[in-house]
Every structure is written in structure tokens, then in C-alpha cells.
Amino acid sequence: MADRTDRRCFLARGVLGAAGLGAAYSSIEEETLLAAMQDGTAEAAEGKAQKPKTDIAPGSLPCGKIGDVSLSRLFIGGNLIGGWAHSRDLMYASKLFTSYNTEAKVFETLELAQACGINTIQLDPKCWPVVTKYNERRETKIQTMVCVPLIADKTAMNDTIKAQIDLGATFIYSHGGVTDSFMMKGGDMDVIAQMVELIKAQGVPAGVGAHSLKMPVAWEKHKVDPDFYVKTLHMDRYWSATPKQRRVEYDWMRGNASDHDANFDNMWCNDPEETAAFMEKVERPWVAFKVMAAGAIHPRMAFSYAYRHGADFIIAGMFDFQVELDVKIAIDNVKKAANRKRPWRG
């Protein structure tokens, strides 16, 4: 009982609204959480199973395809499960995320996501235990898009890929930050091409991820042939964005706390317009991530921007109380982007 009381007090104070997601969600979050407490849905956080409640009709969220696999235009990111908050200089946010997202809460969130039409989760391999347990208990499994490191040794890379497939990976791609770091240090493009071919050889769609626009430019030039790209895209019109004159390639990997105008875990797409212009010519599916700049941009603006500028799919980190609204926003904005400049590639 004490635990339930503490959690309710904690939520009612609206702490989550300040947990790195910014003021854009605060009033919506508070209303949703209070309503949840009043109608009993907050009890799910204590481990009591409850059927997800949503007024979103089945089939409302559009889907596309990567290879022969159908996936929703919006899917849920795993950072909020793993605790990778990207919270600028807020030191407590990562711990807050993992403390809130207990196993029961993750199950509740994924159930609601599936009820709303989301059929895929992006995840780091560290998040497998809770997702595996979730899928083992359900007839309809949630699909997984799993990021892996780049490994030059062919045998070790192949073993890594097989391990993810054995765990149930639906899609596999190279981790964006790892890929950026690999290439920044002079990595060999053949290592990326090798990874793609090894994934494809296992009969799973293969992707490559990155934050830097230089990556897809190089992949296209060297004819690396993935099934999809996972590339950041977000507008730069938000308060904590790095000033344009201070943006430096790969600065998202070199946080500088001593310089207020330098990147410090606050921006992951330094050139959004150039990214959209280049991707317009790319004839393979584009999965966009960091579209809300880790909570700095409201999804109404972020999803609209991403779909209109060419993203075929969006990864969005979502707490349970954000899922339904995010899906409704995605449904609306996919429709509005029907006649966008870049053809839908997935």
C-alpha cells in the first residue's frame, strides 16, 4: 500500500512532465495521469492486468513494408525502457525513466501500443529480457527492430547477428551512434557492407543507422545495399537547439558542458533540410528517429515535419500516457502527407 501511495503522490506532482520531455506534454500528462488514477488504470502499474482502453479503431494506423514485413508507420522506441534519456544536463532523468518503467508498466505500455495499432518496437539488445518475457505471454507478438554494433571480424559479426535472430529480431540494423563513431575514426565501408550481407543471408531485413548525413551519402556512393536506412530527422526550431553557427559534424558525440552554445546531448540532426533533400532521391525505406529531439518538440510538430519531409516510418519514445495521443497524431499526419514530395518508399 505504501508503494502505491508513494507512486500516486509522485505522479500527481507532475514530476514526469519535467523529466526531460519538456513543457510541451505537461498539461496533457497531468490530465491523463489524474484521469488514470480516477478510473483505476493506474492500478496496472501495480501488476494488475487490465485490457487496454482506446477509442482508436483497429487498422486506423497506416502500415508500410520493409521487405516482406508489414510494420506500422509509427513504432515505439526502446530508450525509455533502457533509460537512455538524452536529457541535456538533467542528471536524474535516466534513473527516473527506469524507475517508472517497471516490468509491469512496460507490459502495460506495449499492450496499449499494440491496441492502438503499433506493431513494432525499436530496441537495444540490453532491452531484450522484458520484451522477450512480454512476447512469451502473448499470442500477438510485437515485432522488433534491433540495433547491433559494427564488428570487423566476419565470424564475430555473424555470431552477433545470429544471437539477435535467435532472440526473435524481426529487423536488424547497425546502431547509429556506433556507426557514426566507426566512420569518424576512419572505419572501412566494407565492414558496413559485410554486416548488411550477413543480416540478409539470415533472411532478415537489414538496415544501417546514423545521425550524420555523411553516412547515407557514403552508403549510396559505395553502393552499400541495405533494405532500409535509420537516420535522424528533426527540425532545428526549438529552444535548446545548438545555434547553427556552432554546429560541428559529430558534435552529438562530443558533448561540451563548459560551452553553453555547444552541443550537449541536445541535437542529433544538424542539417534537417539537407537531410530531407538528399533522402528525397533515395529509393529505399527511411526510418526516422529522434524526431522530437528527445522530447524538445511536441509530436504534433515533430511527426508532421518528419512525414512531410520524407520519413516513411517514425520511431518515437513513448510513456504509456503518451501512446494513444501519439498514435492519433501519427494517423492524422500520415494522411496529410499523402501528396508529399518524396514518394512513400515503404
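Below is a short write-up of the structure. Fair warning: this is a prediction, and the values are worked out from it, not measured in the lab. (Residues numbered from 1 in each chain as written. Predicted model: local features only at pLDDT ≥ 70, side-chain atom pairs only at ≥ 80, totals over all residues. Heavy atoms only, no water.)

To continue, consider the packing of aromatic side chains. Under the defined criterion, the tally for this structure stands at 9 aromatic pairs. Look at Tyr307 and Trp344: their rings are 6.1 Å apart centre to centre, the planes differ by 45°, and that puts the pair in the tilted class. Here Trp344 lies in the segment after helix 13 (320-336) and Tyr307 lies in helix 12 (residues 299-308), a separation of 37 residues in the sequence. Relative accessible area serves as the criterion here: at 0%, Tyr307 is assigned to the buried category. Their ring planes at 10° and their centres at 5.5 Å tell us that Phe319 and Phe321 sit as a pair that is stacked. Since its relative accessible area comes to 0%, Phe319 is described here as buried. Here the aromatic residues Phe97, Tyr100, Phe319 and Phe321 are joined through ring pairs into a cluster of three or more. One Lys or Arg, Arg73, reaches over the ring of Phe313 and ends 5.1 Å from the middle of that ring. Residue placement shows Arg138 over the ring face of Phe107; its charged tip is 5.1 Å from the ring centre. (Phe/Tyr/Trp six-rings, centres within 6.5 Å; stacked < 30°, edge-to-face > 60°. Helix = DSSP H or I, 4+ residues; strand = E, 2+ residues; numbered from the N terminus. Buried < 20%, exposed > 50% of the residue type's maximum accessible area, 1.4 Å probe, protein only. Lys NZ or Arg CZ within 6 Å of the ring centre and 35° of its normal.)

This part covers the environment of Asp332. Following the sequence through the fold, Asp332 ends up in helix 13. The partly exposed category is assigned to Asp332, whose relative accessible area is 34%. Through-space distance from the C-alpha of Asp332 to that of Arg300 is 9.4 Å; in sequence the pair is 32 residues apart. Within polar-contact distance, the side chain of Asp332 engages the side chain of Lys336 at 3.1 Å. (Polar contact = N/O pair within 3.5 Å; in protein donor to acceptor, adjacent residues only side chain to side chain.)

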